[in-house]
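One-letter residues, chain by chain:
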Amino acid sequence: MSKQKIRITIKGFDHKVVDQSAQQIVETVEQTGAVVIGPVPLPTRIEKFSVIRASFIDKNSQEQFEVRTHKRLIDIVETTSKTIDSLTKMNLPSGVELNIKL
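Residues numbered from 1 in each chain as written. Predicted model: local features only at pLDDT ≥ 70, side-chain atom pairs only at ≥ 80, totals over all residues. Heavy atoms only, no water.

1. With respect to the environment of Ile 6
Thought 1: Looking at the secondary structure, you find Ile 6 in strand β1 (residues 6–12).
Thought 2: Ile 6 sits in the buried class, given a relative accessible area of 1%.
Thought 3: In the structure, Ile 6 is positioned 30 residues away from Val 36 in sequence and 9.6 Å away in space, judged by C-alpha atoms.
Thought 4: Look past the residues within four positions of Ile 6 in its chain and what remains in contact with it is Ile 74, Asp 75, Ile 76, Thr 79, Ile 84, Leu 87, Ile 100, Lys 101 and Leu 102. (Helix = DSSP H or I, 4+ residues; strand = E, 2+ residues; numbered from the N terminus. Buried < 20%, exposed > 50% of the residue type's maximum accessible area, 1.4 Å probe, protein only. Contact = heavy atoms within 4.5 Å.)

2. A short note on helix α1 (residues 15–31)
Thought 1: A rise of 1.5 Å per residue sets the reference length of α1, with its 17 residues, at 24 Å; its end C-alpha atoms lie 25 Å apart and thus fit the reference within 8%.
Thought 2: Of the positions making up α1, those classed as buried are Val 17, Val 18, Ser 21, Ala 22, Ile 25, Val 26 and Val 29.
Thought 3: Buried residues belonging to α1 abut β1, β2 (35–52), β3 (62–77), α2 (81–88) and β4 (96–101).
Thought 4: Phi for Gly 33, located one or two positions after α1, is positive at around 100 degrees. (Expected span 1.5 Å × (residues − 1).)

3. A look at the pattern of salt bridges
Thought 1: Per the stated rule, a full pass over the model turns up four salt bridges.
Thought 2: Where Glu 47 meets Arg 45, a salt bridge forms, and the shortest distance between an N and an O atom there is 3.8 Å. (Salt bridge = Lys/Arg side-chain N within 4 Å of Asp/Glu carboxyl O.)

4. Focus: the side chain of Ser 21
Thought 1: Residue position: Ser 21 is located in helix α1.
Thought 2: Exposure remark for Ser 21: the relative accessible area of 1% places this residue in the buried category.
Thought 3: When near neighbours in sequence (up to four residues on either side) are disregarded, Ser 21 contacts Ile 10, Leu 92, Pro 93 and Val 96.

5. Focus on the confidence of the model for the protein
Thought 1: Of all residues in the protein, 97% have pLDDT values of 70 or greater, and the mean over the chain is 90.
Thought 2: No element of the protein has a lower mean pLDDT than α2, at 87, and none a higher one than β3, at 95. (pLDDT = per-residue confidence, 0-100.)

6. Quick notes on the sheet that holds β2
Thought 1: Pairing within the open sheet is antiparallel, and its four strands lie in the order β2-β3-β1-β4. The two strands at the open ends of the sheet, each matched to only one other strand, are β2 and β4. For this sheet, the mean angle separating the axes of adjacent strands, direction not counted, is 15 degrees.
Thought 2: As defined by bridge partners, β1 adjoins β4 across six bridges and the pair is classed as antiparallel. Residue pairing across strands places Arg 7 opposite Lys 101, the latter belonging to β4.
Thought 3: Each of β1, β2, β3 and β4 touches α1; the most contacted strand, β3, lies at about 10 degrees to it. (Pairing = 2+ DSSP bridges. Axes fitted to C-alpha atoms, helices over the stretch in contact; angles between N-to-C directions.)

Right, here's the structure in full:
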């Protein structure tokens, strides 16, 4: 299992929470003795929406909203069995999506 590479992608709407969870993952993995590459910030996905404020008189007036999805990428090289155990037992804050690929 020493040649196995793990890729972790972290997604969330709040960049502070995403950065905190990435730092927490890096710290726990480094304690097990694995080599960590990252966190690498990926491009932020911005979705913009325009909504008509009223349907009758103020039809030309619109409100605009946007949703920003922040992403981070972490590669773990030279993993051990302790590394995988620590990743499964970790508690992350709500609002963070974690994808782990072996």
